[in-house]
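Listed below, chain by chain, are the residues.
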Amino acid sequence: MTLTVPGASTPARVADISLSGVRCHTDQEVDVMTQVGMQLVLPGARTIDCRGAVVRSRRLDGGAEGDETAIFFTSMAERDRVELQQFLQVGRMICDVLF
């Protein structure tokens, strides 16, 4: 995932994702209520471009591990929302089988 904040872009590692938002780890601190752009890459190289607002941000391990950032999606094309929903449903089915 690539996170675009005013003036910069930074890679982010997705920790959790839903239809309403994403929790990720970044090397850059992002203030709460910052409007951000995101580029999510789903399996099969399908890219979803969307926007969101940072709703939580905290340092991990005093900053040595980077930051944990929670983002609420504010804008996503309907086609991309459907694609994300299908991806999440497949993930749930796999978890149901494994656990």
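In this report, the structure presented in the accompanying data block is examined. Bear in mind the structure is a predicted one, so any value in this text is a computation, not a measurement.

1. With respect to the overall build of the chain
Turning to step 1, where the next piece is worked out: Summing up its helical and strand segments, the chain has one helix and six strands in all.
Turning to step 2, where the next piece is worked out: Along the chain direction, N to C, the helices and strands of the chain fall in the order β-β-β-β-β-β-α.
Turning to step 3, where the next piece is worked out: Expressed as a percentage of the 99 residues in the chain, the buried residues total 35%.
Turning to step 4, where the next piece is worked out: Sequence separation of 24 or more characterises 45% of the internal contacts of the chain that already satisfy a separation of 6 or more.
Turning to step 5, where the next piece is worked out: For the chain, the accessible surface area stands at approximately 6,000 Å², while carbon and sulfur atoms represent 53% of it.

2. As for the sheet that holds strand β2 (residues 8-17)
Turning to step 1, where the next piece is worked out: Reading around the circumference, β1-β2-β3-β6-β5-β4 is the order of the six strands in this closed barrel, with antiparallel pairing throughout. Sheet twist, expressed as the mean angle between neighbouring strand axes with direction ignored, is 45 degrees.
Turning to step 2, where the next piece is worked out: Pairing of strand β3 (residues 21-26) with strand β6 (residues 67-76), which is carried by six bridges, proceeds in the antiparallel orientation. If you follow valine 22 over to β6, its bridge partner there is isoleucine 71.

Conventions and cut-offs
Residues numbered from 1 in each chain as written. Predicted model: local features only at pLDDT ≥ 70, side-chain atom pairs only at ≥ 80, totals over all residues. Heavy atoms only, no water. Helix = DSSP H or I, 4+ residues; strand = E, 2+ residues; numbered from the N terminus. Buried < 20%, exposed > 50% of the residue type's maximum accessible area, 1.4 Å probe, protein only. Contact = heavy atoms within 4.5 Å. Areas by Shrake-Rupley, 256 points an atom, 1.4 Å probe, with all protein chains shown as cover. Pairing = 2+ DSSP bridges. Axes fitted to C-alpha atoms, helices over the stretch in contact; angles between N-to-C directions.

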